[in-house]
Amino acid sequence: MLQFVFWTCISFVLYTYIGYAILIYILARLFPYPIKERSQNSEEYELPPLTLFIAAYNESEIIPDKMLNCLELDYPKDKLNILWVIDGSTDDSRELLAKYPMVTIIGSAHRKGKTAAVNHGMEYVKTPIVVFSDANCLLNAGALKIIARQFQDPTIGCVSGEKRVAFDNDDTVSSKGEGAYWKYESLLKRLDFEFYSAVGAAGELFAVRTELFAAMEEDTLLDDFMLSMRIALKGYRIAYTADAYAVEYGSLNMEEEGKRKRRIAAGGWQSIGRLLPLLNGFKFKKLSFQYISHRVLRWSVTPFAFFALFPLAAILGYCDSSLLNVFNIIFVAQCLFYLCAAFGYLMRNNPNSTKLFYIPYYFLFMNTNVIRGIYYLFSRSFIGGWEKSQRK
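Computed from a predicted structure; not experimentally measured. Along every chain, residues carry numbers that run from 1 in the direction the sequence is written. Note on the predicted model: pLDDT of at least 70 is required for a residue's local features to be given, and 80 or more for side-chain atom pairs to be given and counted; whole-chain, interface and lining totals, by contrast, use all residues. Only hydrogens and water are set aside; all other atoms, that is, all heavy atoms of the structure, feed into the side-chain values.

Visitor: In this structure, what is going on with the pattern of salt bridges? I would like to understand it.
Guide: Pairing between side chains of opposite charge can happen when the charged atoms of each approach one another. By salt bridge we mean one thing: a side-chain nitrogen of Lys or Arg within 4 Å of a carboxyl oxygen of Asp or Glu. Considering all chains together, one arrives at 16 salt bridges under this definition. We note a salt bridge from Arg-298 to Glu-185, for which the minimum N-O separation is 2.9 Å. Residue Arg-298 is found in helix α10 (residues 286-299), and its partner Glu-185 is found in helix α6 (residues 173-195); the two are separated by 113 residues along the sequence. For the pair Arg-298 and Glu-185, one class covers both residues: buried. One salt bridge connects Glu-194 with Arg-190, and the closest N-O pair in it is separated by 3.1 Å. Separated by 4 residues within a single helix, Glu-194 and Arg-190 lie in helix α6, roughly one turn from each other. A run of H or I in DSSP counts as a helix once it spans at least four residues, and a run of E counts as a strand once it spans at least two, with each numbered from the N terminus. Exposure categories follow from relative accessible area, calculated using a 1.4 Å probe and restricted to protein chains: below 20% of the type maximum is buried, above 50% is exposed, and the middle band is partly exposed.

Visitor: Quick question: what am I supposed to make of the sheet that holds strand β2 (residues 80-87) here?
Guide: Strand pairing in a sheet takes place through backbone hydrogen bonds and is either antiparallel or parallel in direction. DSSP calls a pair of strands paired once it identifies at least 2 bridges connecting them. Strand order across the open sheet formed by 8 strands is β3-β2-β1-β4-β7-β6-β8-β5, with mixed pairing between neighbours. Two strands in the sheet have a free side with no partner beyond their single neighbour: β3 (103-108) and β5 (138-139). Strand direction decides the pairing type here: strand β1 (residues 50-56) and β2, joined by 7 bridges, are parallel. Paired with Ile-54 across the two strands is Trp-84, which belongs to β2. The contact criterion used throughout is that any non-hydrogen atoms of two residues lie within 4.5 Å. Convention adopted: a line fitted to C-alpha atoms gives each axis, helices being fitted over their contacting stretch, and angles between N-to-C directions are expressed from 0 to 180 degrees. The sheet contacts of helix α5 (residues 143-150) involve β1, β2, β4 (129-133), β5, β6 (156-166), β7 (205-209) and β8 (237-249), and relative to β8 the element is tilted by about 170°.

Visitor: Is there a simple way to explain the nonpolar core in this structure?
Guide: Among soluble globular proteins, nonpolar side chains are generally buried collectively. The nonpolar core is taken to be a set of buried Ala, Val, Leu, Ile, Met, Phe, Trp, Tyr and Cys residues, with the residues joined through side-chain atoms within 4.5 Å. Counting 82 residues, the largest nonpolar core has Phe-53, Trp-84, Val-131, Phe-132, Met-229 and Tyr-291 as the members making the most contacts within it. The residues contacting Tyr-291, other than those within four sequence positions of it, are Val-199, Phe-225, Met-229, Ser-271, Ile-272, Leu-275, Leu-278, Leu-279 and Val-296. Membership of the second largest hydrophobic core comes to 25 residues, among which are Ile-10, Tyr-181, Phe-327 and Leu-364.

Visitor: Sorry if this is basic, but what is going on with a nonpolar patch on the surface here?
Guide: Residues forming no salt bridge and having over 30% relative accessible area are the ones grouped into patches, like charges within 9 Å of each other and nonpolar side chains (Val, Leu, Ile, Met, Phe, Trp, Tyr) within 5 Å. Here, Shrake-Rupley sampling with a 1.4 Å probe gives the accessible areas, and only protein chains in the shown set may cover a residue. On the surface, a nonpolar cluster with roughly 710 Å² of combined accessible area is contributed by Leu-14, Ile-18, Ile-22, Tyr-25, Ile-26, Leu-30 and Phe-31. When you line up the elements, Leu-14 lands in helix α1 (residues 2-30). Given the relative accessible area of 45%, Leu-14 is considered partly exposed.

Visitor: I'm lost on the pairing of β8 in this one. Help?
Guide: Consecutive residues of a regular strand have side chains that alternate between opposite faces of the sheet. For β5 and β8, the ladder comprises 2 bridges, and the chain directions are antiparallel. Its bridge partner being in β8, Leu-138 is matched across the sheet by Val-247.

Read these as layout, nothing more, since geometry by itself doesn't imply function.
Dropping the structure here:
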């Protein structure tokens, strides 16, 4: 029985972090979703009016840079609406934004959370496409055009851009670990879309057809994921394009990164409960397969399986009479992994930490916070937003 549990656990871990990436790569090459030809020339395709939607709470420090970035975007000015939803901010965000006549400012005097701000702001969106972006990230100049062209395909209901984490040589694990993770995540998103559909959108930059928006529960933690996946539930695909990207710096330190990871993990648990129909593989077929493989396992079963491997390998290796049995080999390999992670922890504030140390540490850090996310979700009452980690 212990051997069965051990091999089941190791199968979950290997499939979630390695096997699925290999499998989706093969499927995307053998059975790619048929892509309809789209015009890549802006003169041949009439760009639709769209709204750039930015929800913010106390972001006065970043507003000048964000607005400069918005004004430099390569999109027809007569077709671009810029909407800021200021949710109960106590700084001078409104006064700063009032200096830009092209900006529409709405909000409430009381802080209600990001999801409430999104629900409220969408009542004022009149364009067929709405592009969501966080206040603390900057977009590449051609992002909006690239995203708009994706909607030429009628099967596309949502478009996710790429999140890129900027870091300098003197940055620590909080930035470098997050950057490495997002490179891996971006690869999976690209392969998912090539096969059928991306699984969720990154809140830093994504767009939806306005008509498909549905108000979300105000305690929603991952509003970007829930909004995009509920559109997928309606039968639309989520496109992914790496050519439209948002750049932001990583968390200030691992303590701040831990806050963010716990919140995301709690949102993952919450999303599984609210997207139960997506577990029905008979109805949603490819999407269910991708959702379970890419998200559900990572947010639920796999972290527990990962932490169970160490004691299971120790027990099974001890019970086997031969010294060089497979369980002892795996146990020693895990000891080396945890040792590297320990060095990564000790060097977490050292910019000279190498990938040999900070990647095992960040991997362990992520899985620990998935489990801690359960406590976060059920131990307190919260509103859906604005508990942000400090970034560099």
